[in-house]
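Inside the fold
Residues per chain are reported as follows:
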Amino acid sequence: MNKLRLLLLLLIGYVAANAQVENLSSLSIEQIMQGNEFVGHLPEDIRWAADGKTIYFRWNPDMDTLSSYYKVALDAPQATKLSPEELRDLPDDELEYNDTESHLLYLKDGDIYLEDVENKRRQMVTNTVEDESDAFFTTDDRIIFRQKKNLYSWQMETGELRQLTNFKKGGKSSSEGKGPKPDQWLRNDQMTYFEIHQKRKAKRDARQYRSSLTESKHPSPIYTGSKSVGNIRCSPDGRYVTYRLTQENFRKRSKVMHHVTESGYAEAKDARAKVGGKQNTYQMGIYDTKRDTSYMVDVSDIEGIRQKPAFLEAYNDGVKKYKAEYNKPRNVLIHGPVFSEEGLAAVVVRSMDNKDRWIMLLDLRSGDLKLLDRQRDEAWVGGPGISGWNFSTGNIGWLDEKTVWYQSEESGYSHLYTVNVDNGKKKQLTKGKFEIHKAQLSKDKQRFYVTANKENAHEQHFYWLEVKNGKWTKITGEAGKYEVEISPDERQLAVRYSYSNQPWELYVMPNQAGANMQQLTQSTTEAFEQYEWRDPEIVRFKARDGVEVPARLYKPENPNGAGIIFVHGAGYLQNVHRWWSSYYREYMFHNILADNGYTVLDIDYRASEGYGRDWRTAIYQHMGGQDLDDQVDGAKYLVEEHGIDAERMGIYGGSYGGFITLMAQFTSPGTFKSGAALRSVTDWAHYNHPYTSNILNTPVQDSLAYHRSSPIYHAEGLQDNLLILHGMVDSNVQFQDVVRLAQRLIELGKDNWEFAVFPIEGHGFQEPSSWADEYKRIFKLFQETLQ
């Protein structure tokens, strides 16, 4: 009898254990983690033909090994794959027109092509082993382009090719007058007492002089020493060349071990440096081709160039310790220039401590700078359309020869401004609690074409904005997001559009209000279409500081009383919106969770994109502060407003979301019974410099910020269940991060955590089998601990 009861109990236990991981959804995790093979391959890389009658794009409706280029003609809207001959003629880059638009040029496979617009006659300008790049027309119809580290000019009428710059590593060398003093004394002695040496030197000098009278004129060498040259740009008339010199300072680089290799040997591959190391320094130079002379841009007199950051005040010795450093001009990086039609130059100067951005007028003849606008942020300068650590100028251009337009967060949201370069008078063109995400000036300069979240924070529409009177005209209609490519004549729009539960498709429409969009692609698979995908409700809940926090809510038809918080990655990214998410696998997983009775909340916590400067910088000096509070307050909202059991709450996320999950489990024990942390940062002192120094400064200067923000320092707080998942070849958030944390948890004697590794995966997984294994483990964690 006892044996029978024991067998019965074992059987019941076995059935119960397996019932916990039962999936009640018609979707399977293996199915959705196929990614585009399940959803469908969506159109991307949209571009127009030069005549504005055909749209090109990459697509893969046939599920080939690789995507291919397709085309749609406006008069016959049926997508067809490009033939090899058509593909050979497709430009690699944007089309560049001359002033009269009689000719256009483009790059293809590293060579330059010139086309007569009227008769479509095409000419191959270069056919070289070396790649050409950055080609453009000058005002006198020359073509200027870069090959390796120098600029060249090609004359359309004559075919004459001329080298414009002559950059050379090292310095000017000469055996005479150089070397140690003893050697120089010997040389001078030889020249003084041996007539033959004097005669031979005289002949050499004579030959060199005669040769100089007859040889072709070439640009003088610009010696760069140990610095590398880059960002070479040329004024519209071809006279002035600007360039950036980079002094590369040694920074110890991390290594990533690859264990599953074709060779059979473990291989160590170089990866990035860590935050806080000695950074490269930069200078901007100008070369005047007419005067054959070069000179450097002096930044030492820029307003505020020596201003100390406020965070140093928190340290008793902070200001004193770095006083000498800030008595010198701060290191800066100059972006640009951006040229007007007549050759005026505007540059964007960014301080390397991330606190300042200056927009300045650059006098090309003298190299002098004139301040047009300064944006100072004691957190860090950033936001949509604003230059950041990604080496771009941001959104900036010339309205006319007296006016520069640009974006700034001066009002608290990223908006359009203009500034008069003569008198410095500024004007704000757009206002309100919304952000400009993209702006392009029309060819006649009468209006801006703008993409903005003006309707609400969760949609992005396409608008006209009249320059003269500031009138807005909304062009797109239905809720969602519109990624717009304007035809060369500005009459038509190629639109990539999506909605919350509708993946991206390609459309075309006239560039006018009220016009209908015509769908050109159908990409989703039959299997994807069979499921009725949820349109998540966008809600707002009140955080502990009274702020309304946006979130997407996935409601189950048959609630099981458990709730799950999803934390998106990247920090500065938006996921509460009405378009197809870049986290589309997670979106589909949330549908599976809801089918299994879970209520899922996906939060745009503090630091997310789309909500202005204060939201963006709320995590300054404390990651895992207000951003984590928003997750905890979101859990409270689910309990109070949706009847979720506070004892059955889970949390998960990847990258920054994995970091927040760790901080939740370590610093807010009891809030989440289970957490799954994917590809997580565990110690910010081990992450990269550009991203981390924006938010936490550097470990040496602001050690308190790193200590309060890094999970590894708070691991002793772990009480609830934790699943850690990480790719072993992650070169972004490296495997070392979680290995160090694992050792810390072992030393602390924690035993309610598990560790899953993925040997061939980096930061973004590639293989469907890895995705499926990862999310089956997450699903199992929630099923076993929250049911």
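Here, the structure is the one placed above.
Here's a quick rundown of the structure. Treat the numbers as computed from the prediction; the structure is a model and nothing was measured.

Before going further, it helps to examine the overall build of the protein chain. Scanning the protein chain from N- to C-terminus turns up 17 helices and 44 strands. The C-alpha atoms of the protein chain give 31 Å as radius of gyration, which agrees with the globular expectation for 787 residues (28 Å, within 12%). Seen through its C-alpha atoms, the protein chain measures out along the principal axes to roughly 120 × 70 × 60 Å. Across the 787 residues that make up the protein chain, the buried fraction comes to 53%. Taking the intrachain contacts of the protein chain between residues at least 6 apart in sequence as the baseline, contacts between residues at least 24 apart amount to 57%. Element-wise, carbon and sulfur atoms account for 48% of the exposed surface of the protein chain, whose accessible area totals about 37,500 Å². Charged side chains of the protein chain number 98 positive and 111 negative; the gap between the two group centres comes to 8 Å.

In spatial order, the strands read 15-16-19-20; together these four strands make up an open sheet with antiparallel pairing. Since the sheet does not close on itself, it has two edges, and those belong to strand 15 (228–234) and strand 20 (293–296), each with one partner. Sheet twist, expressed as the mean angle between neighbouring strand axes with direction ignored, is 25 degrees. Bridge analysis of strand 19 (residues 281–288) against strand 20 gives four bridges, and the strand direction is antiparallel. Considered in strand 20, the bridge of aspartate 288 is made with threonine 293.

Pairing of strand 1 (residues 44–48) with strand 2 (residues 54–59) involves three bridges; the strand directions are antiparallel. Directly across from tryptophan 48, in strand 2, lies its bridge partner isoleucine 55. Hairpin connection from strand 1 to strand 2: five residues lie between these consecutive antiparallel strands, with glycine 52 at a positive phi of about 70 degrees.

Our focus in this paragraph is the packing of aromatic side chains. Where two aromatic rings form a pair, the distance of their centres and the angle of their planes describe that pair. In this structure the tally under the stated criterion is 41 aromatic pairs. Considering the side-chain rings of tyrosine 106 and tyrosine 113, the 5.5 Å spacing of their centres and the 5 degrees angle between planes classify their relative orientation as stacked. Taking the centre distance of 5.5 Å and the plane angle of 25 degrees together, the rings of phenylalanine 541 and tyrosine 637 count as stacked. Residue phenylalanine 541 is found in strand 37 (residues 537–542), and its partner tyrosine 637 is found in helix 12 (residues 626–642); the two are separated by 96 residues along the sequence. A relative accessible area of 13% means that tyrosine 637 is categorised as buried. Every member of this aromatic cluster is reached through a ring pair, and the members are Phe566, Tyr583, Phe589, Tyr652, Phe758, Phe765, Trp771, Tyr775 and Phe782. In this structure, arginine 606 packs its charged tip against the face of tryptophan 615, placed 5.1 Å from the ring centre.

Bringing the pattern of salt bridges into the picture now. Going through the model one piece at a time under the given rule, you end up with 49 salt bridges. Aspartate 356 is paired through a salt bridge with arginine 374; the nearest N and O atoms lie 2.7 Å apart. With aspartate 356 in strand 23 (residues 356–362) and arginine 374 in strand 24 (residues 369–376), this pair connects stretches of sequence that are 18 residues apart. Since its relative accessible area comes to 0%, aspartate 356 is described here as buried. Its salt-bridge partner being aspartate 614, residue arginine 613 comes within 3.0 Å of it at the nearest N-O pair. Salt bridges linked by common partners bring Glu303, Arg330, Asp353, Asp356, Arg374, Arg376 and Glu378 together as one network.

Before going further, it helps to examine the sheet that holds strand 4 (residues 76–81). With antiparallel pairing, four strands are arranged side by side in an open sheet as 1-2-3-4. Both edges of this open sheet fall to strand 1 and strand 4, since each of them pairs with a single strand only. Here the average twist between neighbouring strands, direction ignored, is 20 degrees.

Let us now look at the packing of helix 12 against helix 13 (residues 656–667). Contact pair helix 12 / helix 13: the axes reach a minimum separation of 10 Å and the direction vectors enclose 70 degrees. Here helix 12 is positioned roughly perpendicular relative to helix 13, judged by the angle of their axes. Counted together, Asp627, Leu628 and Gln631 of helix 12 and Tyr656, Phe659, Ile660, Met663, Ala664 and Thr667 of helix 13 form the full contact between these two elements. Residue composition of the contact of helix 12 with helix 13, grouped by class: six nonpolar, two polar and one charged.

A cluster of nonpolar side chains, contributed by Tyr193, Phe194 and Ile196, occupies part of the molecular surface with about 340 Å² of accessible area. Of note, isoleucine 196 is situated in helix 6 (residues 195–214).

Now for the environment of serine 226. Position of serine 226 among the secondary structure elements: in the loop between strand 14 (222–223) and strand 15. Judged by relative accessible area, which is 53%, serine 226 ranks as exposed. Beyond its immediate sequence surroundings of up to four residues, serine 226 is in contact with Lys169 and Gln247. There is a polar contact of 3.0 Å between the side chain of serine 226 and the side chain of glutamine 247.

Take helix 12 next. When the terminal C-alpha atoms of helix 12 are compared, their 23 Å separation across 17 residues agrees well with the 24 Å that a helix rising 1.5 Å per residue should span. Every buried residue belonging to helix 12 is among Asp627, Leu628, Asp630, Gln631, Val632, Asp633, Gly634, Ala635, Tyr637 and Leu638, and all of these are buried. On its buried side, helix 12 packs onto strand 37, strand 38 (548–554), strand 39 (563–567), strand 40 (599–603), strand 41 (649–654) and helix 13. Just beyond helix 12, the residue with positive phi is glycine 643, at close to 70 degrees.

Let us now look at the side chain of arginine 350. Relative to the assigned elements, arginine 350 resides in strand 22 (residues 345–351). Of the side chains with opposite charge, aspartate 353 lies nearest to the buried arginine 350, which makes no salt bridge, at 7.1 Å. Here valine 381 takes part through its backbone oxygen, which lies 2.7 Å from a polar atom of the side chain of arginine 350.

Residue position: threonine 599 is located in strand 40. Classification of threonine 599 by relative accessible area gives buried; the value is 5%.

A word on the packing of helix 10 (residues 584–595) against helix 17 (residues 768–786). In contact at an axis separation of 12 Å, helix 10 and helix 17 are set at 35 degrees when each is read in the N-to-C sense. Here helix 10 and helix 17 pass one another in a crossing that is right-handed. Counted together, Arg585, Glu586, Phe589, Ile592 and Leu593 of helix 10 and Trp771, Tyr775, Ile778 and Phe779 of helix 17 form the full contact between these two elements.

Most of strand 41 sits out of view: six of its six residues are buried. Residues Met649, Ile651 and Gly653 of strand 41 are buried on one face, and the alternating residues Gly650, Tyr652 and Gly654, pointing to the opposite face, are buried as well. The sheet contact formed by strand 39 and strand 41 spans five bridges and is parallel. Within the sheet, the bridge partner assigned to glycine 563 lies in strand 41 and is methionine 649. Two elements, strand 41 and strand 42 (residues 674–678), share five bridges in a ladder whose sense is parallel. Paired with glycine 654 across the bridge in strand 42 is leucine 678.

Conventions and cut-offs
- Residues numbered from 1 in each chain as written.
- Predicted model: local features only at pLDDT ≥ 70, side-chain atom pairs only at ≥ 80, totals over all residues.
- Heavy atoms only, no water.
- Helix = DSSP H or I, 4+ residues; strand = E, 2+ residues; numbered from the N terminus.
- Rg over C-alpha atoms; globule rule 2.2 N^0.38 Å.
- Buried < 20%, exposed > 50% of the residue type's maximum accessible area, 1.4 Å probe, protein only.
- Contact = heavy atoms within 4.5 Å.
- Areas by Shrake-Rupley, 256 points an atom, 1.4 Å probe, with all protein chains shown as cover.
- Lys, Arg positive; Asp, Glu negative; His and termini not counted.
- Charge placed at Lys NZ, Arg CZ, Asp CG, Glu CD.
- Pairing = 2+ DSSP bridges.
- Axes fitted to C-alpha atoms, helices over the stretch in contact; angles between N-to-C directions.
- Phe/Tyr/Trp six-rings, centres within 6.5 Å; stacked < 30°, edge-to-face > 60°.
- Lys NZ or Arg CZ within 6 Å of the ring centre and 35° of its normal.
- Salt bridge = Lys/Arg side-chain N within 4 Å of Asp/Glu carboxyl O.
- Parallel < 35°, antiparallel > 145°, perpendicular 65-115°, else oblique.
- Nonpolar A, V, L, I, M, F, W, Y, C, P; charged D, E, K, R; others polar.
- Patch = residues over 30% accessible without salt bridge, like charges linked within 9 Å, V, L, I, M, F, W, Y side chains within 5 Å.
- Polar contact = N/O pair within 3.5 Å; in protein donor to acceptor, adjacent residues only side chain to side chain.
- Expected span 1.5 Å × (residues − 1).
- Left-handed = near helix turned anticlockwise from the far one by under 90°.

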